[in-house]
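# Coordinate inspection notes
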Amino acid sequence: MVTVLGVGGLSAAVDVLREWQYDEAPMQLHPGDVGWFWRFGAEATAVAVRTWSRDGRILAVGLLDGRELLRLTIAPDAQRDEELARQLVSDVSGVLPEGKVCVEVPSGVLVQELLLAAGWSLDEPWTPLRRDLTEPVKDPGVRIEVIGPEHAHVQAAVLRASFDGSTFTSERWHAMAAGLPYADARSLVAYDDQGDAVATVTVWSAGPGRPGLIEPMGVHRDHRGHGHGKAITVAAAAALREMGSSSVFVCTPSSNVGAVATYVSGGFERLPERRDLCREV
């Protein structure tokens, strides 16, 4: 049965998302995704998170990332569970509004097949990328600072200068940092030789021996073309390795060839493309 969590229930959802992360898993919802959403506050995050349980055990977690996208992942041993899959497909109509909507699920789960059979179509391709963290990570070659509360405005400014339409502010940084997943996160800013903040990243660990996540990474629009994206990506990998992560994942639209190239230059390996499933009407 689908459940809308209260704020007090978010810890259970975050905990199972941590447990479900492993290096061989397909790209899936990560506790860091919930952590990044937490910039809108705990109440908004609780409204956006859904869980599906059986016999007291959470078997699936969904995040309404905006009104029209449900990001959904499923316990590793329940990804081919037909009863659960049919329940999830049935509940999507109640979770998402009328009109065009999309569902993100890990590749290979039964839900994907059932949605396609029900007339859903494949959306634009995304490229997952992964970097193994077994070996030490080289120095990124620029000054990197870990951002704390007193410098939240610095990361916020770089992010707003990295993404058109970004609404990230110091207040949202503080809301994000107050969230449960941020206990396993770190925000970094790269500086150039002139002392300007040129790039930023937030990295999210799922615990020692599990894959971490980059969300988000941005390079200031006035400082592009100088290798700062590669540098902050390498710094992200180094930070996660220091936190005990076994690997680091990121996913970006395949159409963003510059971002894909930046991650590859930072030691990431491209994985097979993935697509959301969309219902047009």
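Each remark here, short or long, concerns the structure printed above.
Below: a short report on this structure. (Residues numbered from 1 in each chain as written. Predicted model: local features only at pLDDT ≥ 70, side-chain atom pairs only at ≥ 80, totals over all residues. Heavy atoms only, no water.)

This part takes up the state of the cysteines. Enumeration over the complete set of coordinates arrives at 1 disulfide. Through a disulfide, Cys102 is tied to Cys278; the S-S separation comes to 2.0 Å. Handedness here is read from the sign of the S-S torsion; for Cys102 and Cys278, about 95°, the answer is right-handed. Of this pair, Cys102 sits in strand 5 (residues 101-104) while Cys278 sits in strand 13 (residues 274-279), and the two are 176 residues apart along the sequence. Cys278 gets classed as buried once you look at its relative accessible area, which sits at 1%. Free cysteine: Cys251, not disulfide-bonded; nearest cysteine sulfur from Cys102 at 14 Å. (Disulfide = S-S within 2.5 Å. Helix = DSSP H or I, 4+ residues; strand = E, 2+ residues; numbered from the N terminus. Buried < 20%, exposed > 50% of the residue type's maximum accessible area, 1.4 Å probe, protein only.)

A separate point is the packing of helix 6 (residues 152-160) against helix 7 (residues 170-177). Packing of helix 6 against helix 7 brings their axes to within 8 Å, and their N-to-C directions diverge by 115°. Considering the angle they form, helix 6 stands roughly perpendicular to helix 7. Crossing handedness for the pair helix 6 and helix 7: right-handed. Every residue of helix 7 that contacts helix 6 at Ala152, His153, Gln155 and Ala156 is listed here: Ser170, Trp173, His174 and Met176. (Axes fitted to C-alpha atoms, helices over the stretch in contact; angles between N-to-C directions. Parallel < 35°, antiparallel > 145°, perpendicular 65-115°, else oblique. Left-handed = near helix turned anticlockwise from the far one by under 90°. Contact = heavy atoms within 4.5 Å.)

Turning to helix 7, its buried residues are Trp173, Ala175 and Met176. Looking down the long axis of helix 7, one finds its buried residues gathered within 160° of arc, a one-sided arrangement. Those residues of helix 7 that are buried are in contact with helix 2 (31-37), helix 6, strand 8 (185-191) and strand 9 (197-204). (Arc of directions from axis to C-beta.)

Our next topic: the pairing of strand 6 (residues 121-132). As defined by bridge partners, strand 6 adjoins strand 13 across 4 bridges and the pair is classed as antiparallel. Pairing of Leu122 across the sheet is with Leu277, part of strand 13. Bridging between strand 6 and strand 12 (residues 269-270) involves 2 bridges; their strand directions are antiparallel. From the neighbouring strand, Arg130 faces strand 12, where its bridge partner is Glu269. (Pairing = 2+ DSSP bridges.)

It is worth spelling out the pattern of salt bridges at this point. Overall, the coordinates contain 15 salt bridges when judged by the stated rule. Glu242 is the salt-bridge partner of Arg186, the closest N and O atoms lying 3.4 Å from each other. Residue Arg186 is found in strand 8, and its partner Glu242 is found in helix 8 (residues 228-242); the two are separated by 56 residues along the sequence. On the basis of relative accessibility, which here comes to 62%, the residue Glu242 falls in the exposed class. Bridged by salt links that share partners, the residues Asp33, Asp65, Arg71 and Glu104 form one connected network. (Salt bridge = Lys/Arg side-chain N within 4 Å of Asp/Glu carboxyl O.)

Right, let's talk about the packing of aromatic side chains for a bit. In this description, an aromatic ring pair is defined by two values, namely the gap between the centres and the angle between the planes. For the coordinates displayed, the defined rule picks out 5 aromatic pairs. Here the aromatic rings of Trp36 and Phe168 are separated by 5.3 Å at their centres, their planes lie at 35°, and the arrangement is tilted. A residue pair is termed long-range when its members are at least 10 positions apart, and Trp36 in helix 2 and Phe168 in the loop between helix 6 and helix 7 qualify at 132 residues. You'll find Trp36 and Phe168 in the same group, each marked buried. Arranged with centres 5.2 Å apart and planes meeting at 70°, the rings of Phe37 and Phe40 form a pair that is edge-to-face. Following the ring pairs from residue to residue traces out a cluster consisting of Trp173, Tyr182 and Trp204. The side chain of Arg39 reaches across the aromatic face of Trp36, ending 4.0 Å from its centre. For Arg143, the ring lying beneath its charged end belongs to Tyr191, and the centroid distance is 4.1 Å. (Phe/Tyr/Trp six-rings, centres within 6.5 Å; stacked < 30°, edge-to-face > 60°. Lys NZ or Arg CZ within 6 Å of the ring centre and 35° of its normal.)

This part takes up the layout of surface pockets. Each pocket or cavity is described by its volume, and for the largest pocket that value is around 1200 Å³. Looking at the lining of the largest pocket, the element that brings in the most residues is strand 10 (residues 211-219), giving 7 residues. Residues of the lining of the largest pocket, tallied by class, amount to 21 nonpolar, 16 polar and 10 charged. (1 Å grid on protein atoms, 1.4 Å probe; cavity = no way out; pocket = protein on both sides within 12 Å on 5 of 7 lines; lining within 4 Å. Points joined across faces, edges and corners; volume = space filled by probe spheres on them. Nonpolar A, V, L, I, M, F, W, Y, C, P; charged D, E, K, R; others polar.)

Across the 6 residues that make up strand 13, a large majority, 5, are buried. Here 3 bridges tie strand 5 to strand 13, and the two strands are oriented antiparallel to one another. Bridge assignment links Val101 to a residue of strand 13, and that residue is Arg279.

Packing of helix 8 against helix 9 (residues 257-265) leaves a shortest axis separation of 8 Å and a crossing angle of 55°. Between helix 8 and helix 9, the crossing angle belongs to the class labelled oblique. The chirality of how helix 8 crosses helix 9 is right-handed. Where helix 8 abuts helix 9, its residues Gly229, Lys230 and Thr233 lie against Thr262, Tyr263 and Ser265.

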